[in-house]
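These are the residues of each chain, in order.
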Amino acid sequence: MSELLGVDVVTRRFGELVAVDAVSLSLAPGERRALIGPNGAGKTTLLDLVTGAVRPHAGRILFAGRDVTRLGPVGRSRLGIGRTHQRPAVWPGLSALDNVVVGGWRRAGGARRLYGPGQLFTPGRMGRHLVQPSLRVLDSVGLGGMVGVPAAELSHGQRRLLEIAVALAGAPRLLVLDEPAAGLWPAEIEQLGGLLDGLPADIAVLLVEHHLQFAYALADTVTVLAAGRHVATGTPRDIRRDVSVARAYHEAA
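Every value quoted in this text rests on a predicted model; they were computed, and no experiment measured them.

## What to know about the sheet that holds strand β4 (residues 58-63)
Strands sit in the order β2-β1-β4-β5 across an open sheet of four strands; the sheet is antiparallel. Unpaired on one side and paired on the other, β2 (17-27) and β5 (66-67) mark the two borders of the sheet. Here β4 runs beside β5; their pairing, made up of two bridges, is antiparallel. The residue bridging L62 from the neighbouring strand is D67, located in β5.

## A look at unusual backbone geometry
One non-glycine residue, A171, lies in positive phi territory at about 55°. Take A171: it is sitting in the loop between α6 (156-169) and β7 (174-178). Residues other than glycine seldom take positive phi values, yet E179 does so here, at roughly 50°. As for its position among the elements, E179 is in the loop between β7 and α7 (186-197).

## Looking at the packing of aromatic side chains
For any pair of aromatic rings, the description rests on two quantities: the centre-to-centre distance and the angle between the ring planes. Evaluated as defined, the whole model comprises zero aromatic pairs. Stacked on the ring of F14, the Lys or Arg R12 has its end atom at 4.7 Å from the ring centre.

## With respect to the sheet that holds β7
Spatially, the six strands line up as an open sheet ordered β6-β7-β8-β3-β9-β10, and their pairing is mixed. The strands lining the two open edges of the sheet, one partner per strand, are β6 (81-83) and β10 (229-234). Averaged over neighbouring strand pairs, the angle between their axes works out to 20° when direction is ignored. Pairing of strand β3 (residues 32-36) with strand β8 (residues 204-208), which is carried by four bridges, proceeds in the parallel orientation. Bridge assignment links R32 to a residue of β8, and that residue is V205.

## Let's talk about the confidence of the model for the protein
Model confidence for the protein is summarised by a mean pLDDT of 89, while 90% of its residues fall at 70 or above. Long-range and interchain partners of residues 119-123, a stretch whose pLDDT sits below 50, account for seven contacts in this model, where long-range means more than four residues apart.

## So, the pairing of strand β9 (residues 221-226)
One face of the sheet, then the other: side chains in a regular strand alternate in exactly this way. Counted residue by residue, β9 has six buried out of six residues, so it is predominantly covered. Residues T221, T223 and L225 of β9 are buried on one face, and the alternating residues V222, V224 and A226, pointing to the opposite face, are buried as well. In this sheet, β9 lies alongside β3 in parallel orientation, the contact comprising four bridges. Bridging from a neighbouring strand, L35 pairs with T223 of β9. Note: β9 against β10, five bridges, orientation antiparallel. Bridged to V222 within β10 is G234. As consecutive antiparallel partners, β9 and β10 are separated by two residues, and within that stretch A227 has a phi angle of approximately 50°, a positive value.

## Here we look at the pairing of β4
Note: strand β1 (residues 5-14) against β4, five bridges, orientation antiparallel. Pairing of D8 across the sheet is with R60, part of β4. Linking β4 to β5, which pair antiparallel, is a turn of two residues; within it A64 sits at a positive phi near 55°.

Rules of the game
- Residues numbered from 1 in each chain as written.
- Predicted model: local features only at pLDDT ≥ 70, side-chain atom pairs only at ≥ 80, totals over all residues.
- Heavy atoms only, no water.
- Pairing = 2+ DSSP bridges.
- Helix = DSSP H or I, 4+ residues; strand = E, 2+ residues; numbered from the N terminus.
- Phe/Tyr/Trp six-rings, centres within 6.5 Å; stacked < 30°, edge-to-face > 60°.
- Lys NZ or Arg CZ within 6 Å of the ring centre and 35° of its normal.
- Axes fitted to C-alpha atoms, helices over the stretch in contact; angles between N-to-C directions.
- pLDDT = per-residue confidence, 0-100.
- Contact = heavy atoms within 4.5 Å.
- Buried < 20%, exposed > 50% of the residue type's maximum accessible area, 1.4 Å probe, protein only.

In structure tokens, the structure reads:
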């Protein structure tokens, strides 16, 4: 199977701290991969490297056959990498729908497609190419009844779902999720799991998660980091049985 994402012996330092130390991994199209490990393992830094928020000091990152090591987050988003954060990053003053509309602007073709020649505004194009798809995305994440509600008035769990909707509106090929289950109630975690299970099969998912049962249920493959280094990669069943994984968590406690 072809490779969608390739992280090739990547290192990232912050001063004398080596946050990610010569880590490699690859994702195929549609693969679900969980990154787990104790606090301080370098998981979020690795996501930052994948999405372009920071650059590596060594190694390279490939996406869809292209070297994107020096490409920033906007450029990687345009190539099809969508991301959510530990704390939902949505626009609090905008409605749920407007948040998703912003997320879908690039996918809809931007001003060139939405504004016709010789016209200041074409509501028909806006509706067909941006508003209607955004409404469908909101429905898909269970927020169809919150279209006009400002993001600031949504619960934490709803803002989490809204941020995923914003990412999905950009039609990502790779969805990068940083602790999506953090702060959610059990019913919300179940809803989130159903949403991610129901994603189109061609969207790859790379997530960091401390809720191990959630990560194991979602992922095809699990990679374990500790102290910035790769410890193990395998199926959830393999990782549960790997003594080196238990040792890494114990040593970090």
